[in-house]
Amino acid sequence: MTTTIQDLIDAHPDIPIDLPKGTTNTSLDETYNLSPTTLVPENTSPLAIARPQTAAQVAQLVRYASQRGLPVTVRSGGHDAHRRSMASGALVLDIRALNSVRISEDRTRATVGGGVTTGALTAVLEP
């Protein structure tokens, strides 16, 4: 089944969904790339970049993609030396909004959202 960006937007009007590089905010496509030889070429163009705000929205998008055979990649903090969070024709789940850190009352456990960066986590845990 062929999925278009408009199909995706229509199916999930409550989730911000952006077009790939060159058509909207290009910072959504940028990935920290340490290695000049990368596994994923710079000209990789995903189908769309979805920015779910909740775990339930992530589940909706994964279910949608699974039902249509649509490849999915996940972008958390944006640091991947080989740009594996981007794939041509895939739906990128940019989960940076899922950046909560909850520490238990007894301060022995933490629940960390998938979009938390190491710097943000350290800032919460260090004190």
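Treat the numbers as computed from the prediction; the structure is a model and nothing was measured. (Residues numbered from 1 in each chain as written. Predicted model: local features only at pLDDT ≥ 70, side-chain atom pairs only at ≥ 80, totals over all residues. Heavy atoms only, no water.)

1. Brief notes about the pattern of salt bridges
Logical step 1: As enumerated under the stated definition, the model contains four salt bridges in all.
Logical step 2: Between Asp 18 and Arg 51 there is a salt bridge, and its shortest N-O distance comes to 2.6 Å. One end of the pair, Asp 18, is in strand β1 (residues 17-18); the other, Arg 51, is in the loop between β2 (48-50) and α2 (55-68), and 33 residues separate them in sequence.
Logical step 3: A relative accessible area of 14% means that Asp 18 is categorised as buried.
Logical step 4: We note a salt bridge from Asp 106 to Arg 109, for which the minimum N-O separation is 3.6 Å.
Logical step 5: Take Arg 109: its relative accessible area is 55%, and that puts it in the exposed class. (Salt bridge = Lys/Arg side-chain N within 4 Å of Asp/Glu carboxyl O. Helix = DSSP H or I, 4+ residues; strand = E, 2+ residues; numbered from the N terminus. Buried < 20%, exposed > 50% of the residue type's maximum accessible area, 1.4 Å probe, protein only.)

2. So, a nonpolar patch on the surface
Logical step 1: A surface patch of nonpolar side chains, amounting to about 210 Å² of accessible area, comprises Ile 103, Val 124 and Leu 125.
Logical step 2: If you trace the backbone, Val 124 turns up in helix α3 (residues 118-125). (Patch = residues over 30% accessible without salt bridge, like charges linked within 9 Å, V, L, I, M, F, W, Y side chains within 5 Å. Areas by Shrake-Rupley, 256 points an atom, 1.4 Å probe, with all protein chains shown as cover.)

3. With respect to the confidence of the model for the protein
Logical step 1: Looking at the protein as a whole, the pLDDT averages 80, with 74% of positions reaching at least 70.
Logical step 2: In the model of the protein, helix α1 (residues 5-11) stands out as the element of lowest mean pLDDT, 86, in contrast to α2, which has the highest, 95.
Logical step 3: Ignoring residues within four places in sequence, the model shows residues 23-27, a span with pLDDT below 50, making four contacts including any to other chains. (pLDDT = per-residue confidence, 0-100. Contact = heavy atoms within 4.5 Å.)

4. Considering unusual backbone geometry
Logical step 1: Located in the positive-phi region is Arg 107, a residue other than glycine, with phi close to 60°.
Logical step 2: Following the sequence through the fold, Arg 107 ends up in the loop between β5 (101-103) and β6 (110-112).

5. Some remarks on the pairing of strand β3 (residues 72-75)
Logical step 1: Taking every second residue as pointing to the same face, the buried face of β3 carries Thr 73 and Arg 75, while none of Val 72 and Val 74 on the other face is buried.
Logical step 2: Of the strand pairs in this sheet, β3 and strand β4 (residues 91-94) are connected by four bridges, and their pairing is parallel. For Arg 75, the partnering residue across the bridge sits in β4 and is Asp 94. (Pairing = 2+ DSSP bridges.)

6. Some words on the nonpolar core
Buried together is how nonpolar side chains tend to be arranged in soluble globular proteins.
Logical step 1: The biggest cluster of nonpolar side chains holds 16 residues, and the ones touching the most others in it are Leu 8, Ile 17, Ala 48, Ala 50, Leu 61, Leu 91 and Leu 93.
Logical step 2: Of all the secondary-structure elements, those providing two or more residues to this core are α1, β2, α2 and β4.
Logical step 3: Ranked by residues supplied to this core, first place goes to α2 with four residues.
Logical step 4: When neighbours within four sequence positions are excluded, Leu 93 is seen to be in contact with Ala 50, Val 58, Leu 61, Val 62, Val 72, Thr 73, Val 74 and Arg 75. (Core = buried A, V, L, I, M, F, W, Y, C linked by side-chain atoms within 4.5 Å.)

7. Comments concerning the environment of Asp 94
Logical step 1: Relative to the assigned elements, Asp 94 resides in strand β4.
Logical step 2: Separated by 36 residues in sequence, Asp 94 and Val 58 have C-alpha atoms that sit 9.4 Å apart.

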